[in-house]
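The chain contents come next:
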Amino acid sequence: MNHKKFEEIRKDRMGVVKSSVYPGLKNLVSQIYPDEAHFIYELLQNAEDADATEVVFIIKNDKLVFAHNGIRLFNEADINSITNINDSTKKDNYVQAGKFGIGFKSVYAFTETPSIYCDSINFKIEKLLLPTEIEPLEGKKKGWTEFHFPFDSVKISAEEAKRKIKHGLLEIENTTLLFLNNIISIRYILEDGTESCVKKECAGNVVTSILWVSGEPKAKSIWKKYSRTAQLHEKRISVDLAFQMEYENENKLKFVQGQDKVCITFLAKNEKSNLKFYINAPFGCTPSRDTVNKDDNDNKILIGELAELMKTVLRELKRENMLTDDFFEVLPIKDDNVPTFYSPIIDSLYSELKNENYLPTVNGSYVSAENGIMSSKNIMDRAFTIEDIQYLFLNERLQFVKNQPVTSRAYKFLKLLGIKELTPSSVIEQFLTIDDEYLMKWISKINTKQLSEVYAFLYKGIEEIKGNIVRCRYWNNILSSNVYKEANLKLERIKKLRLVRAEDGEFYIPEDVRIVEGEVEVPDEYKIVDKKLLGKPDAVLFLKAIGVEGFAEEELEEYRYKQETRELEEKLNNISEKTDPLKIV
């Protein structure tokens, strides 16, 4: 670009500079960004778009210097854009959100006359809109582009400018590099010579970022990042999801809860997703990129792309054998109150987990929420095998999912999926649903020890039913009346099931069998519960709760009296039959 071109641009813009609208325009530009150090991120975006891998900020006494090693040099279009107000289109902004558009104008919060030096051209900008060619910068490193921002603003002193820029630089954190594809190092040098650096390393989709201060590592962050490319306004764009990680041991990474950060390449400070992982997309937003426009149709499309990316994340994690307990700990639950705008991401997650085999099972395989069932380890070990559950619940694809503590986020998430839970109530419900002969086919095959465990497990379910009956007696409303009737009906139906194994090995309904605890002689005509079933207290309570009766003391006394009477009668009969009275005894 020659000197003549600069003159043409200046001539074209001079009318605006001399017009009555210029003061208001200049004032508006300086007020667009509430965060006065926001220009730091616009400069980083500019360097990213120039394919830079390294950048450096240097605060000097009279100016700020920003330099990068980007391989894409300034051209005429860039100069037009950087010195114009409306030279960036919406579509372009989706691809390169900070490409010399209005974002660059944020530097005017601190300076009046920025200068740019690169291998192809050197110029400074005056009065916001007027570029002037200048001499090359002596000592500039070849292949690097430098921006010089003198502290010459009439609105802020040099000391205040340095203080605010320093504050902005110190806020640069590990996440700053997370969603940049090119830049791997951000270095900054303060006026007192203190030097800090954020460096990024990538190994596959694992991104590690370390903050160094005066040569010492101060903070380290690790993420697994997943990306998806898509088309928007015929432009190729990228959306990302990132999950914060830490090393469980030297070689094994685990998921940890991240902050609810929404990024538009960089952190949108005032935007909250309430998700425990990071999302990034070129959202349409305010000029300061601090909030996302929820009503923008393009933004809704981007959320849809993130929802599709979530499906890819699940596939990849399954392939990597990383659908672990700690992964489910970072997934959204009701208590997170995720805004509706981000719901498509959650809906996509739920849909995949409900219908596809992504939930880890106790046997090392995967199952969908539709075919998964939760249970405690004790119940799985003692009362029910998975084959029992498949039979009783009429689903050969059912599998036990890995157990989660009931207070954990993972447990709450699985409950949101609608996954079945093996509870006393759910088993009793199945007993009442399936055919009696079908139930007998199963119950007659299990051994006495397991059956005792089943009885003990079911006791709490019966207590729940009886509790509803008792409570509803004191509630006088239609709902309680319905609950009372339903609970009564359920209990009566349970009492008609042949659930009780007697000592003869046969099964009987509760009213046809008796329970005997201890060594008690009972009438032969009674069917007695197999004593091997009575080893667990809750098993005994269950049998009694469904109507299996024991023997009252009066009943046993009457039986003993009748027995003694029969024996006496037999002896008297023997007396009448004997011819020698001395041999009676």
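For the structure itself, consult the block above.
Conventions used here
Residues numbered from 1 in each chain as written. Predicted model: local features only at pLDDT ≥ 70, side-chain atom pairs only at ≥ 80, totals over all residues. Heavy atoms only, no water. Helix = DSSP H or I, 4+ residues; strand = E, 2+ residues; numbered from the N terminus. Buried < 20%, exposed > 50% of the residue type's maximum accessible area, 1.4 Å probe, protein only. Contact = heavy atoms within 4.5 Å. Pairing = 2+ DSSP bridges. Phe/Tyr/Trp six-rings, centres within 6.5 Å; stacked < 30°, edge-to-face > 60°. Lys NZ or Arg CZ within 6 Å of the ring centre and 35° of its normal. Patch = residues over 30% accessible without salt bridge, like charges linked within 9 Å, V, L, I, M, F, W, Y side chains within 5 Å. Areas by Shrake-Rupley, 256 points an atom, 1.4 Å probe, with all protein chains shown as cover. Salt bridge = Lys/Arg side-chain N within 4 Å of Asp/Glu carboxyl O. Core = buried A, V, L, I, M, F, W, Y, C linked by side-chain atoms within 4.5 Å. Polar contact = N/O pair within 3.5 Å; in protein donor to acceptor, adjacent residues only side chain to side chain.

Enquirer: Any details on unusual backbone geometry? Residues and values, ideally.
Expert: Notably, Leu128 is not glycine yet its phi reads approximately 75 degrees, a positive angle. Along the chain, Leu128 turns up in the loop between strand 4 (122-126) and strand 5 (130-133). We note that Glu234 has phi near 65 degrees; this positive angle belongs to a residue other than glycine. The topology assignment puts Glu234 in the loop between strand 10 (216-232) and strand 11 (235-247).

Enquirer: Break down helix 12 (residues 409-416) for me, with residues and values.
Expert: Those residues of helix 12 not exposed but buried are Arg409, Ala410, Tyr411, Phe413 and Leu414. The secondary structure elements touched by the buried residues of helix 12 are helix 8 (325-329), helix 9 (343-355), strand 16 (359-360), strand 18 (372-374) and strand 20 (420-421). Once helix 12 finishes, Gly418 follows within two positions and takes phi at roughly 80 degrees, a positive value.

Enquirer: Can you lay out the pairing of strand 4 for me, pointing to particular residues and giving the numbers?
Expert: The pairing of strand 3 (residues 115-117) with strand 4 spans three bridges and is antiparallel. Among the inter-strand pairings, Ser115 is bridged to a residue of strand 4, identified as Lys124. Hairpin connection from strand 3 to strand 4: four residues lie between these consecutive antiparallel strands. Bridging between strand 4 and strand 5 involves four bridges; their strand directions are antiparallel. The partner of Glu126 across the bridge, within strand 5, is Leu130. Hairpin connection, strand 4 to strand 5: the antiparallel pair is bridged by three residues, and Lys127 has positive phi, about 50 degrees.

Enquirer: Kindly report on the side chain of Thr145, identifying the contributing residues and their values.
Expert: Tracing the backbone shows Thr145 in strand 6 (residues 145-150). Ignoring any residue separated from it by four or fewer positions in sequence, one finds Thr145 in contact with Phe66, Ala67, His68, Phe74, Ile116, Tyr117 and Cys118.

Enquirer: If you had to explain the packing of aromatic side chains to someone new, which residues and values would you point to?
Expert: Using the criterion set out here, one finds 24 aromatic pairs in the structure. Aromatic pair Tyr226 and Phe243: ring centres 6.4 Å apart, planes at 75 degrees, arrangement edge-to-face. With Tyr226 in strand 10 and Phe243 in strand 11, this pair connects stretches of sequence that are 17 residues apart. Both rings, one in Phe384 and one in Phe457, keep their centres 5.6 Å apart while their planes meet at 75 degrees; by these two values the pair is edge-to-face. Note that Phe384 is positioned in the loop between helix 10 (377-382) and helix 11 (386-392) and Phe457 in helix 15 (residues 448-472), a separation of 73 residues in sequence. With respect to class, Phe384 is no different from Phe457; both count as buried. Its end group placed over the ring of Phe341, Lys294 keeps NZ or CZ at 5.8 Å from the ring centre. The ring of Tyr358 carries Lys318 above its face, with NZ or CZ at 5.5 Å from the centroid.

Enquirer: If you had to explain the environment of Thr175 to someone new, which residues and values would you point to?
Expert: Here Thr175 shows up in the loop between helix 6 (158-170) and strand 7 (185-189). Through-space distance from the C-alpha of Thr175 to that of Thr265 is 10.0 Å; in sequence the pair is 90 residues apart. Each residue touching Thr175, except ones within four places of it in the same chain, is listed here: Trp223, Lys261 and Tyr278.

Enquirer: I'd like to hear about a nonpolar patch on the surface, residue by residue, with values.
Expert: On the surface, Leu568, Leu572 and Ile575 cluster together to form a nonpolar patch covering roughly 280 Å² of accessible area. Summarising the element assignment, Ile575 is placed in helix 18 (residues 553-577).

Enquirer: I'd love a proper account of the sheet that holds strand 20, names of residues and values included.
Expert: Strand order across the open sheet formed by three strands is 19-18-20, with parallel pairing between neighbours. In this open sheet, the two strands that pair with only one neighbour each are strand 19 (399-400) and strand 20. Pairing of strand 18 with strand 19 involves two bridges; the strand directions are parallel. Looking across to strand 19, one finds that Ile373 is bridged to Phe400.

Enquirer: An account of the nonpolar core is requested, with residue identities and associated values reported.
Expert: Phe243, Phe283, Leu306, Phe327, Leu353 and Leu359 are the most contacted members of the largest nonpolar core, which totals 57 residues. Setting aside its immediate chain neighbours within four residues, Leu359 contacts Phe328, Leu353, Ser365, Tyr366, Val367, Ser368, Ala369, Val401, Leu414, Leu417 and Ile419. Counting residues in hydrophobic clusters, the runner-up holds 53 residues, among them Ile389, Phe431, Ala539 and Phe542.

Enquirer: With reference to specific residues and values, describe the pattern of salt bridges.
Expert: Summed over all chains, the structure comprises 31 salt bridges. In this structure, Arg319 engages Glu316 in a salt bridge whose closest nitrogen and oxygen atoms are separated by 2.6 Å. With Arg319 and Glu316 both in helix 7 (residues 297-319) and three residues apart, the pair spans about one turn of that helix. A relative accessible area of 25% places Glu316 in the partly exposed class. Salt-bridge contacts for Asp381 lead to Lys377; the nearest nitrogen and oxygen are separated by 2.7 Å. Here Asp381 and its partner Lys377 are both found in helix 10, four residues apart, which amounts to about one turn of the helix. Judged by relative accessible area, Lys377 falls into the exposed class, the value being 54%. Shared partners join several salt bridges into a network, and the residues in it are Lys224, Glu316, Arg319 and Glu320.

Enquirer: Tell me about the side chain of Lys140, and name the residues and values.
Expert: Summarising the element assignment, Lys140 is placed in the loop between strand 5 and strand 6. The class of Lys140 is buried, set by a relative accessible area of 16%. Among the polar contacts made by the side chain of Lys140, one reaches the main-chain carbonyl oxygen of Trp144 at a distance of 2.7 Å. Here Lys140 is in contact with Tyr117, Cys118, Asp119 and Glu146, once residues within four sequence places are set aside.

Enquirer: Break down the pairing of strand 9 (residues 206-213) for me, citing the residues and quoting the values.
Expert: In terms of burial, strand 9 is largely enclosed, as six of its eight residues are buried. As judged from the eight bridges shared by strand 8 (residues 195-203) and strand 9, these two strands associate in the antiparallel manner. Residue pairing for strand 9: Lys200 is matched across the bridge by Ser209. Linking strand 8 to strand 9, which pair antiparallel, is a turn of two residues; within it Gly204 sits at a positive phi near 65 degrees. Joining the antiparallel neighbours strand 9 and strand 10 is a turn of two residues, in which Ser214 adopts a positive phi near 50 degrees.

Enquirer: Any details on the environment of Ser481? Residues and values, ideally.
Expert: Within the fold, Ser481 resides in helix 16 (residues 478-494). Between the C-alpha atoms of Ser481 and Ile469, which are twelve residues apart in sequence, the distance is 9.5 Å.

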